[in-house]
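Structural overview
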Amino acid sequence: MKLVINVFIFFFVLILSAQNKATYTYSIKGKDTLKLDVYTPENIKKTDTLPVLLWMHGGGFAVGHRDYIDDENLVKYAAKEQNYIGISISYRLLRKGTKTGFGCDCSKDEKLETFKQAAIDYMDAAKYVVEHANELQIDTTKIIAGGSSAGAEGILNAVFMREYFIDNAEAYSDVKFAGAFSCAGAIVDASYMTPENAVPTVLYHGTKDQLVPYGNAPHHYCAPTKDGYIMLDGSKIIADKLEEFETSFYFNIVKEARHEISRIPYEELDIVFNFFERTVINDEIIQTKIIKTKK
């Protein structure tokens, strides 16, 4: 499996080396200057407006960067192979350098605040993109929110729990998401999902994920006696809600797999983007569950 993954990574590095890239500052918050990298297809015409993948990297809200090779290659792929605008964002890493990290010694209140600020940063990046849509040549009706691990938590909370985390929601009224792409993500409370905010969603998750729950379970599986005990709703709960709402989803379940499923599924990106082509672009209703067993 490792050899196959390395071959795919080499392939992406090889074919995506030449890209149109621009970097913008979307917000300054204290000592954090938050930027986003925009990758544009080389053959784009001045009159074109394209769908966008707005990507948020993982790293436990402590590490990672918008141009980490895996995240960078994903948005390059979106631009080069799918004719999207590919955007990878930085955001505040609020758990960086903390004594408690983001595990069971990090209090519930600190976790909720981290989730909140990540959702706000993501919404600020989306707002910047919408406000500069003409310059960036973006179709604002076709914004796909995407993220891995902590980034997946950030984007899912932004997409489905905006009114819970965002105090001034009216400031983001022009931001509308057309889809979501989550690799091992979860939200704080799936009851905030409604037919109105439900969007076509791609979900990848391992059933034995030890950090971000697959179903309804404690974050990091902390004991109820620990400060960091907080229940989250993982991909299974999200997919169940989407099924109830008759909203499209593609749910890739890997039995017995752990948090390694937060890895970007390079070898299946054609399937992921085909799903968005059919559901977001062509407005089809597709509900698919793929069940695999960890090798």
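Up top is the structure these notes are about.
My aim in this report is to walk through the structure given alongside it, one point at a time. Nothing here was measured: the structure is a model prediction, and the numbers come from that model.

What follows deals with unusual backbone geometry. Non-glycine residue Gln-137 carries a positive phi angle of around 60°. Looking at the secondary structure, you find Gln-137 in the loop between helix H4 (133–136) and strand S5 (138–148). Relative accessible area serves as the criterion here: at 15%, Gln-137 is assigned to the buried category. Notably, Ala-184 is not glycine yet its phi reads approximately 60°, a positive angle. Relative to the elements of secondary structure, Ala-184 occurs in the loop between strand S6 (179–183) and strand S7 (186–187). Judged by relative accessible area, which is 0%, Ala-184 ranks as buried.

Before going further, it helps to examine the packing of aromatic side chains. One pair of aromatic rings is described through two measures. These are the centre distance and the angle between the planes. By the definition in use, this model includes 15 aromatic pairs. Look at Tyr-164 and Tyr-192: their rings are 5.3 Å apart centre to centre, the planes differ by 65°, and that puts the pair in the edge-to-face class. Note that Tyr-164 is positioned in helix H6 (residues 162–165) and Tyr-192 in the loop between S7 and strand S8 (201–206), a separation of 28 residues in sequence. We classify Tyr-164 as partly exposed; its relative accessible area is 38%. A residue is classified by how much of its surface remains accessible, and Tyr-192, at 26% relative accessible area, is partly exposed. Among the aromatic residues, those joined into a cluster by ring pairs are Trp-55, Phe-181, Tyr-204 and Tyr-250. For Lys-111, the ring lying beneath its charged end belongs to Phe-102, and the centroid distance is 5.9 Å.

So, about the state of the cysteines. In the structure shown here, the tally under the stated rule is 1 disulfide. Put simply, Cys-104 and Cys-222 are joined by a disulfide, and their sulfur atoms are 2.1 Å apart. Torsion about the S-S bond of the Cys-104 and Cys-222 cystine: about -95°, corresponding to left-handed handedness. Within this pair, whereas Cys-104 is found in the loop between strand S4 (85–89) and helix H3 (108–131), its partner Cys-222 is found in the loop between strand S9 (216–218) and strand S10 (231–234), the two being separated by 118 residues in sequence. Cys-104 gets classed as partly exposed once you look at its relative accessible area, which sits at 22%. Not engaged in a disulfide, the cysteine Cys-106 finds its nearest cysteine sulfur in Cys-222; these two sulfurs lie 9.0 Å apart.

Before going further, it helps to spend a moment on the sheet that holds S9. The sheet built from 3 strands is open, its strands ordered S7-S10-S9 with antiparallel pairing. Looking at strand neighbours, the two that pair on one side only are S7 and S9, the edges of this open sheet. Here 2 bridges tie S7 to S10, and the two strands are oriented antiparallel to one another. In the sheet register, Ile-187 faces S10, and the bridge partner there is Asp-233.

The next subject is the pattern of salt bridges. Summed over the entire model, instances satisfying the criterion amount to 17 salt bridges. Between Lys-226 and Asp-105 there is a salt bridge whose closest N-O contact spans 3.4 Å. Remark: Asp-105 occurs in the loop between S4 and H3 and Lys-226 occurs in the loop between S9 and S10; sequence separation between them is 121 residues. In this structure, Asp-139 and Lys-142 form a salt bridge, with 3.1 Å as the shortest nitrogen-oxygen distance. No difference in accessibility class separates Asp-139 from Lys-142, as the two residues are buried.

Within the fold, Asp-37 resides in strand S2 (residues 32–40). Once residues within four sequence positions are removed from consideration, Asp-37 is found in contact with Lys-21, Ala-22, Thr-23, Arg-66, Asp-67, Gly-86, Ile-87 and Ser-88.

Criteria and thresholds
Residues numbered from 1 in each chain as written. Predicted model: local features only at pLDDT ≥ 70, side-chain atom pairs only at ≥ 80, totals over all residues. Heavy atoms only, no water. Helix = DSSP H or I, 4+ residues; strand = E, 2+ residues; numbered from the N terminus. Buried < 20%, exposed > 50% of the residue type's maximum accessible area, 1.4 Å probe, protein only. Phe/Tyr/Trp six-rings, centres within 6.5 Å; stacked < 30°, edge-to-face > 60°. Lys NZ or Arg CZ within 6 Å of the ring centre and 35° of its normal. Disulfide = S-S within 2.5 Å. Pairing = 2+ DSSP bridges. Salt bridge = Lys/Arg side-chain N within 4 Å of Asp/Glu carboxyl O. Contact = heavy atoms within 4.5 Å.

Spatial relationships are all this shows, so hold off on functional conclusions.
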